[in-house]
Amino acid sequence: MGLRFIKIAVVYLLVGTLLGVYMGMKEVFTLAPVHAHLNLLGWVSLALIGIVYHLYPAAAETRLARIHFWIHNLVLPPFMVVLALFLTGTTAAGPILGIFSIVMVAGLACFAVNLYANAKPSP
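Residues numbered from 1 in each chain as written. Predicted model: local features only at pLDDT ≥ 70, side-chain atom pairs only at ≥ 80, totals over all residues. Heavy atoms only, no water.

What the protein chain contains, in helices and strands, is five helices and zero strands. Starting at the N terminus and ending at the C terminus, the protein chain contains elements arranged as α-α-α-α-α. With the principal axes as the frame, the protein chain shows a C-alpha extent of 55 × 30 × 15 Å. Across the protein chain, every contact between residues at least 6 apart in sequence was considered, and the portion connecting residues at least 24 apart equals 75%. Total accessible area on the protein chain stands at roughly 7100 Å², and carbon and sulfur atoms take up 76% of it. (Helix = DSSP H or I, 4+ residues; strand = E, 2+ residues; numbered from the N terminus. Contact = heavy atoms within 4.5 Å. Areas by Shrake-Rupley, 256 points an atom, 1.4 Å probe, with all protein chains shown as cover.)

This brings us to helix α5 (residues 94-118). An ideal rise of 1.5 Å per residue puts 36 Å on 25 residues; α5 measures up with 36 Å between its terminal C-alpha atoms. Those residues of α5 not exposed but buried are Leu-97, Phe-100, Met-104, Gly-107, Cys-110, Phe-111 and Asn-114. Residues of α5 that are buried in the fold lie against α2 (32-55), α3 (57-60) and α4 (63-87). (Expected span 1.5 Å × (residues − 1). Buried < 20%, exposed > 50% of the residue type's maximum accessible area, 1.4 Å probe, protein only.)

Further remarks concern α2. Helical periodicity: at 3.6 residues per turn, an α-helix aligns residues three or four positions apart in one direction. For α2, which comprises 24 residues, the first-to-last C-alpha distance of 33 Å matches the rise-based estimate of 34 Å (1.5 Å per residue) to within 8%. Where α2 bends most, the angle comes to about 30°, and this point is Ser-45. Each element contacted by the buried residues of α2 is listed here: α1 (2-26), α3, α4 and α5. (Bend = angle between axes of the 7 residues up to and from the residue.)

By the secondary structure assignment, Pro-57 is in helix α3. On the accessibility criterion, Pro-57 (45% relative accessible area) is partly exposed. Separated by 63 residues in the primary sequence, Pro-57 and Lys-120 place their C-alpha atoms 9.5 Å from one another.

What follows concerns the packing of α1 against α4. If you want to describe how two helices pack, look at the angle between their axes and the distance between the axes. The contact between α1 and α4 brings their axes to 12 Å, and the two run at 10°. Our classification of the angle between α1 and α4 gives roughly parallel. From α1, Arg-4, Phe-5, Ile-8 and Tyr-12 reach across to α4, where they touch Ala-65, His-68, Phe-69, Trp-70, His-72, Asn-73, Leu-76 and Pro-77. Its residues assigned to classes, the contact of α1 with α4 comprises eight nonpolar, three polar and one charged. (Axes fitted to C-alpha atoms, helices over the stretch in contact; angles between N-to-C directions. Parallel < 35°, antiparallel > 145°, perpendicular 65-115°, else oblique. Nonpolar A, V, L, I, M, F, W, Y, C, P; charged D, E, K, R; others polar.)

With that out of the way, let us pick up the environment of Asn-39. The residue Asn-39 is located in helix α2 in this model. On the basis of relative accessibility, which here comes to 14%, the residue Asn-39 falls in the buried class. Note: C-alpha distance between Asn-39 and Val-15 (24 residues apart in sequence) is 8.5 Å. With residues up to four places along the chain from it excluded, the contact list for Asn-39 reads Tyr-12, Leu-13, Gly-16, Thr-17 and Val-44.

Our focus in this paragraph is the packing of aromatic side chains. If you walk through the whole model with that rule in mind, you get five aromatic pairs. When the centroid spacing of 5.5 Å and the interplanar angle of 50° are considered together, the rings of Phe-5 and Tyr-53 count as tilted. Placement of Phe-5 in helix α1 and of Tyr-53 in helix α2 is noted, with a sequence separation of 48 residues between them. The exposure classification of Phe-5 matches that of Tyr-53, with both residues buried. Here the aromatic rings of Tyr-53 and Phe-111 are separated by 5.6 Å at their centres, their planes lie at 90°, and the arrangement is edge-to-face. A residue pair is termed long-range when its members are at least 10 positions apart, and Tyr-53 in helix α2 and Phe-111 in helix α5 qualify at 58 residues. Comparing Tyr-53 with Phe-111 shows no difference in burial state: the two are buried. Taken together, the ring pairs in this structure connect Phe-5, Tyr-53, Phe-69, Trp-70 and Phe-111 into an aromatic cluster. Over the ring of Phe-69 we find Arg-4, and its NZ or CZ is 4.5 Å from the ring centre. (Phe/Tyr/Trp six-rings, centres within 6.5 Å; stacked < 30°, edge-to-face > 60°. Lys NZ or Arg CZ within 6 Å of the ring centre and 35° of its normal.)

Structure representation (structure tokens):
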């Protein structure tokens, strides 16, 4: 599971970086929050979670780890599309953005509960 998180994190790194390069080339930075979220919720958070699961394999083998993986990766891409729509003037996207935010927090809560319940120090 740790490696799955790290591998998908690299995908978000590439997408976030490509968006940053695109914005730089166009010199239009309206989507900077999308770029930041892709890099932080995608690359940084998932890579660190992957490392944590590598260090604590008992936590990586749980149902909560799988639930978190799928919530995070099924929600983050449409979350970023809706954020982009909101930032470019589609105010009706606001409530959907709120729903995606809550679901993302729920996924991260799965990680937190899993970590506290199943990550034990080595004997």
